[in-house]
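# Structural features, examined
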Amino acid sequence: IYEEHRLAIDKVVELTTQRNQQDEAHAKSLLNFYNVGLASIFFLSITLATWVALSISRGILASLKSAQKIANAISVGNLNSEIITTQQDEIGDLLRSMSKMQEAINSFVDAQGFMAKKHAAGAVHEKLDVSKFSGTYAQMAHEVNELVQSRIAINERILDVITEYARGNFSVDMDILPGETFAITQAVNSIKTALLTINNEIEMLAKAGAMGDFSLRADDQRFEFVFHAMLGDLNKLFNTCEMGFNDILHLSNQLATGDLTQKIEINLPGMFGQVQEGMNLTVENLQLLIGKVKESNQ
């Protein structure tokens, strides 16, 4: 009986062992299946996530390249880029901001261009409407207006000073301008100096002529162009006057001493010529009169 029980127990143990081995093999097989499935799902998820990430990255990179291209265009002064702002994301917000920036710059450029045309047409008091801009653009518009108006003020001052000089009023002086604009002060002062200098030359000749002295001459070599020609003409006038008066004076002195052998031989112009003709005719008439007197005494 004991032997039968032991054999039965051994049989049960053997069957249990076999069953456990089968269950273990099944469990291992099932575990392998699950491992393979999970690995496949994992790799599939990784692949899908990578594809999605790449797609998103490509889209972002494309949008960023578009934004970079627009930014580069604006940086070199090209303000005509077409900016599509339909994206409803951060890139879309960026592009919309860039579009507004481009519009603001274009608006400022257009306003400057309009003002430039007005100034070219003579409307020199045209200004930028600062109220149409904000922030730095408003500050820039204000500074442009100040710059333009400062140049207009200089031009108006130059015009006022030159107008006074044209009237003969040399009591005014050009303002001393700062920096490189000091060249304007120097130029206007040079005009004043030149006009005063030539006025002094003319005044010197006028005073001498009024005193009957035609021996002086203006220093025309100190001047150029019209001023040189003008003083040269005055010198010619004084030459003519001096020569004419000297010849007339010489002939008058000869007549006063009774010398009727001389005449004015050169051809004098204008009224000097008329005086020359009268003096020569006087000499001839006196010669005839003396000749008749001599004949009557013989």
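Below is a short write-up of the structure.

About the criteria used
- Residues numbered from 1 in each chain as written.
- Predicted model: local features only at pLDDT ≥ 70, side-chain atom pairs only at ≥ 80, totals over all residues.
- Heavy atoms only, no water.
- Helix = DSSP H or I, 4+ residues; strand = E, 2+ residues; numbered from the N terminus.
- Contact = heavy atoms within 4.5 Å.
- Areas by Shrake-Rupley, 256 points an atom, 1.4 Å probe, with all protein chains shown as cover.
- Salt bridge = Lys/Arg side-chain N within 4 Å of Asp/Glu carboxyl O.
- Buried < 20%, exposed > 50% of the residue type's maximum accessible area, 1.4 Å probe, protein only.
- Patch = residues over 30% accessible without salt bridge, like charges linked within 9 Å, V, L, I, M, F, W, Y side chains within 5 Å.
- Axes fitted to C-alpha atoms, helices over the stretch in contact; angles between N-to-C directions.
- Parallel < 35°, antiparallel > 145°, perpendicular 65-115°, else oblique.
- Nonpolar A, V, L, I, M, F, W, Y, C, P; charged D, E, K, R; others polar.
- Expected span 1.5 Å × (residues − 1).
- Phe/Tyr/Trp six-rings, centres within 6.5 Å; stacked < 30°, edge-to-face > 60°.

### What about the overall build of the protein chain?
- Each helix and strand in the protein chain was counted, giving 6 helices and 0 strands.
- The N-to-C order of helical and strand elements in the protein chain reads α-α-α-α-α-α.
- Sequence separation of at least 24 residues holds for 45% of the intrachain contacts in the protein chain that already meet a minimum separation of 6.
- As displayed, the protein chain offers around 21300 Å² of accessible surface, 60% of which is attributable to carbon and sulfur atoms.

### Overview of the pattern of salt bridges
- With the rule as written, the count across this model stands at 7 salt bridges.
- Arginine 157 serves as the salt-bridge partner of aspartate 175, at 3.3 Å between the closest nitrogen and oxygen. Taken together, the residues aspartate 175 in the loop between helix H3 (135-166) and helix H4 (182-210) and arginine 157 in helix H3 connect sequence positions 18 residues apart.
- Of the residues examined, arginine 157 reaches a relative accessible area of 27% and is grouped as partly exposed.
- One salt bridge connects glutamate 201 with arginine 222, and the closest N-O pair in it is separated by 3.5 Å. Taken as a pair, glutamate 201 in helix H4 and arginine 222 in the loop between H4 and helix H5 (225-256) lie far apart in primary sequence, 21 residues in all.
- The class of glutamate 201 is buried, set by a relative accessible area of 11%.

### Things to note about a nonpolar patch on the surface
- Residues Leu286, Leu289 and Val293 make up a contiguous nonpolar surface patch of roughly 230 Å² in combined accessible area.
- By secondary structure assignment, the location of valine 293 is in helix H6 (residues 270-297).
- With relative accessibility at 40%, the residue valine 293 sits in the partly exposed group.

### Some remarks on the packing of H3 against H4
- Interaxial distance between H3 and H4 falls to 11 Å at its minimum, and their mutual angle equals 5°. One finds that H3 runs roughly parallel with respect to H4. On H4, the residues touching Ile154, Ile158, Val161, Ile162 and Tyr165 of H3 are Ile184, Val188, Ile191, Lys192 and Leu195.
- In the contact of H3 with H4, the residues fall into 9 nonpolar, no polar and 1 charged.

### Things to note about H5
- For H5, which comprises 32 residues, the first-to-last C-alpha distance of 46 Å matches the rise-based estimate of 46 Å (1.5 Å per residue) to within 8%.
- Every buried residue of H5 is accounted for by Leu231, Gly232, Asn235, Phe238, Cys241, Gly244, Ile248, Leu251 and Gln254.
- Against H4 and H6 lie the buried residues of H5.
- With its phi angle positive at about 90°, glycine 258 sits one or two positions after the end of H5.

### Some remarks on the packing of aromatic side chains
- Enumeration over the complete set of coordinates arrives at 6 aromatic pairs.
- Ring centres of phenylalanine 108 and tyrosine 137 lie 6.2 Å apart, and the angle between their planes is 40°; on these two criteria the pair is classed as tilted. With phenylalanine 108 in helix H2 (residues 90-120) and tyrosine 137 in helix H3, this pair connects stretches of sequence that are 29 residues apart.
- The class for phenylalanine 108 is buried, based on a relative accessible area of 6%.
- A relative accessible area of 25% means that tyrosine 137 is categorised as partly exposed.
- Linked through ring pairs, Phe108, Phe133 and Tyr137 together constitute an aromatic cluster.

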